[in-house]
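# Working through the structure, step by step
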Amino acid sequence: MNEVISVVVPMYYEEEVVDECYQRLTKVMKDNNYNYELIFVNDGSKDGTLEKLLTIAEKDKKVKIIDFARNFGHQTAVTAGIDFAIGDAVVIIDADLQDPPELIPEMISKWMEGYEVVYAKRKKRKGESWFKLTTAKYFYKFLNYMSEIEIPKDTGDFRLIDRKVADVFKQMTERNRFVRGMISWVGFRQTCIEYVRDERFAGETKYPLKKMLKFAADGIIAFSTKPLRILMTVGFLSVLLSFFVLIYSLLVKLFGKDVEAGWTSIMVAITFFSGIQLLSLGIIGQYIARIYDESKNRPIYIVRDAYNIGAEKKKDSKAEFS
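Presented here is an overview of the structure given in this document.

Criteria and thresholds
Residues numbered from 1 in each chain as written. Predicted model: local features only at pLDDT ≥ 70, side-chain atom pairs only at ≥ 80, totals over all residues. Heavy atoms only, no water. Helix = DSSP H or I, 4+ residues; strand = E, 2+ residues; numbered from the N terminus. Buried < 20%, exposed > 50% of the residue type's maximum accessible area, 1.4 Å probe, protein only. Contact = heavy atoms within 4.5 Å. Areas by Shrake-Rupley, 256 points an atom, 1.4 Å probe, with all protein chains shown as cover. Right-handed = clockwise from strand over helix to strand, strands pointing away. Pairing = 2+ DSSP bridges. Core = buried A, V, L, I, M, F, W, Y, C linked by side-chain atoms within 4.5 Å. Arc of directions from axis to C-beta. Polar contact = N/O pair within 3.5 Å; in protein donor to acceptor, adjacent residues only side chain to side chain. Axes fitted to C-alpha atoms, helices over the stretch in contact; angles between N-to-C directions. Parallel < 35°, antiparallel > 145°, perpendicular 65-115°, else oblique. Left-handed = near helix turned anticlockwise from the far one by under 90°. Nonpolar A, V, L, I, M, F, W, Y, C, P; charged D, E, K, R; others polar. Phe/Tyr/Trp six-rings, centres within 6.5 Å; stacked < 30°, edge-to-face > 60°. Salt bridge = Lys/Arg side-chain N within 4 Å of Asp/Glu carboxyl O.

Next up on the list: the overall build of the protein. Check the secondary structure of the protein and you find eleven helices and nine strands. Every one of the 322 residues in the protein was classed for burial, and the buried ones make up 45%. For the protein, long-range pairs separated by at least 24 residues make up 81% of all intrachain contacts whose partners lie at least 6 apart in sequence. For the protein, the accessible area works out to roughly 17,400 Å², and carbon and sulfur atoms hold 59% of it.

And the structure:
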């Protein structure tokens, strides 16, 4: 096979899985006689992740390392890997081996059939809590309801993208990134393969509840203005309700009925409408915050150093080197 396959692996405190991840990826690529490169992105890890990667890279020049100046986040690490990839196709896979590298040949087969995006769809997820499974299920339903584009359900970032897709993706410069949504937005011919997601090989999840909530917010706000339209509808209904209350009050006054002003009803009304106003300001503020982030025009990430990557590729990339 003459085509080059780039495999992008974001790494954040993954010293326990570095060796196993490298060995399984290398075995898959060599067993199938692929022309390949493995791009590991060290996303500010302060454990032994980088040292282990450097040891591997010294022996295997197909291993390339991008070392961030600090932690910029999983989605940004994926972005950096795609920026530096030279392959005709780019595979994105996490280091924890929940997504099995052995599926890559099936992805490549679909790519050879003419598909430009091949994403992996989870039909079962091992070792995950009821809470995680339930929230993930309803998150995708809610996301697709709110979004103007359809984002495949039960998918992560484990996928293959064609060089054409990677080149378009590289032109998308937003700071708050939601990679699977961005790739869905790009279009092209897309298909899926199904698989059973394994438990983590070692270590702990890097997506606790707080990060998951931010990730969900990025996905919704980046691909939908529907929250703003919902707020407008709620505002209109609130005005309509106030109008009916006004008419009722006038009728009561005109027909001379005595009605005691209730403290409870007043407080409920004030609290209700104040809550709507604060919620509205919060949602609008999220959109404004993202506009502010974009206006600063800072680099998406900063690279401290890159290993086994040619000077020409460093120059071509849009990375900021420290």
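Counting buried positions over the eight residues of strand S2 (residues 35–42) gives seven, a clear majority of the element. Handedness of the strand S1 (residues 4–11)-helix H1 (residues 18–31)-S2 crossover: right-handed. Alignment of S2 against strand S3 (residues 63–68), held across five bridges, turns out to be parallel. When the sheet's bridge partners are listed, Phe 40 is paired in S3 with Ile 65. In this fold, S2 hands off to helix H2 (residues 49–59), which returns the chain to S3; that crossover is right-handed.

The next subject is the nonpolar core. In this structure, Val 7, Val 9, Leu 25 and Phe 40 are the most contacted members of the largest nonpolar core, which totals 37 residues. No other element matches H1, which puts six residues into this core. In contact with Val 9, not counting residues within four places along its chain, are Cys 21, Leu 25, Ile 39, Phe 40, Val 41, Ile 93, Asp 94 and Ala 95. Formed by 30 residues, the second largest nonpolar core is a distinct cluster that contains Ile 66, Ala 77, Phe 169 and Met 182.

Here Asn 176 is to be found in the loop between helix H6 (163–170) and helix H7 (179–186). Spatially, the C-alpha atoms of Asn 176 and Thr 76 are 8.6 Å apart, while their sequence positions differ by 100 residues.

To continue, consider unusual backbone geometry. The backbone phi angle of Leu 97 is positive, close to 65°, even though this residue is not glycine. Examined against the element boundaries, Leu 97 turns out to sit in the loop between strand S4 (89–92) and helix H4 (104–112). Here Phe 188, not a glycine, exhibits a phi torsion of approximately 65°, which is positive. Position of Phe 188 relative to the elements: it lies in the loop between H7 and strand S7 (190–197). Assessed through its relative accessible area of 37%, Phe 188 is described here as partly exposed.

Taken together, the buried positions of H6 are Arg 163, Val 165, Ala 166 and Phe 169. Projection of H6 onto a plane perpendicular to its axis shows the buried side chains occupying an angular sector of 155°, all on one side. The N-terminus of H6 is capped by Asp 162, whose side-chain oxygen sits 2.9 Å from the backbone nitrogen of Lys 164.

Quick look at the packing of helix H3 (residues 74–84) against H6 now. For the pair H3 and H6, interaxial distance at closest approach is 10 Å and the crossing angle is 120°. Taken together, the axes of H3 and H6 are oblique relative to one another. As for the relative orientation of H3 and H6, their crossing is left-handed in sense. Taken together, the residues of H6 that come into contact with H3 (itself represented by Thr 79, Ile 82 and Asp 83) are Ala 166, Phe 169 and Lys 170. Classifying every residue of the contact of H3 with H6 by side-chain character gives three nonpolar, one polar and two charged.

Before going further, it helps to examine the packing of aromatic side chains. All told, the structure shown has four aromatic pairs when counted by the stated rule. Seen from their ring centres, Phe 68 and Tyr 301 are 5.3 Å apart, and the 20° between their planes marks the pair as stacked. Here the residue Phe 68 occupies a position in strand S3, and Tyr 301 occupies one in the loop between helix H10 (263–296) and strand S8 (302–307), the gap between them amounting to 233 residues. The exposure class assigned to Phe 68 is buried, which follows from its relative accessible area of 0%. Note on Tyr 301: relative accessible area 2%, which makes it buried.

A few words on the pattern of salt bridges. It is possible for side chains bearing opposite charge to pair when their charged atoms get close. Tallied over the entire structure, the rule returns nine salt bridges. Of the charged contacts in the structure, one is a salt bridge between Glu 37 and Lys 64, with a shortest N-O distance of 2.7 Å. Taken together, the residues span a long stretch of sequence, with Glu 37 in strand S2 and Lys 64 in strand S3 at a distance of 27 residues. For Lys 164, the salt bridge is made with Asp 162, and the minimal N-O distance between the two is 3.3 Å. Lys 164 sits in the partly exposed class, given a relative accessible area of 42%. Bridged by salt links that share partners, the residues Glu 116, Asp 162 and Lys 164 form one connected network.

This next bit is on the pairing of S3. Burial analysis of S3 places six of its six residues in the buried class, which makes it a mostly covered element. A two-sided burial pattern is seen for S3, the buried positions comprising Val 63, Ile 65 and Asp 67 on one face and Lys 64, Ile 66 and Phe 68 on the other. Judged from the four bridges that link them, S3 and S8 form a sheet pairing that is antiparallel. The residue bridging Phe 68 from the neighbouring strand is Val 303, located in S8.

The values reported here are purely geometric and, on their own, carry no functional implication.
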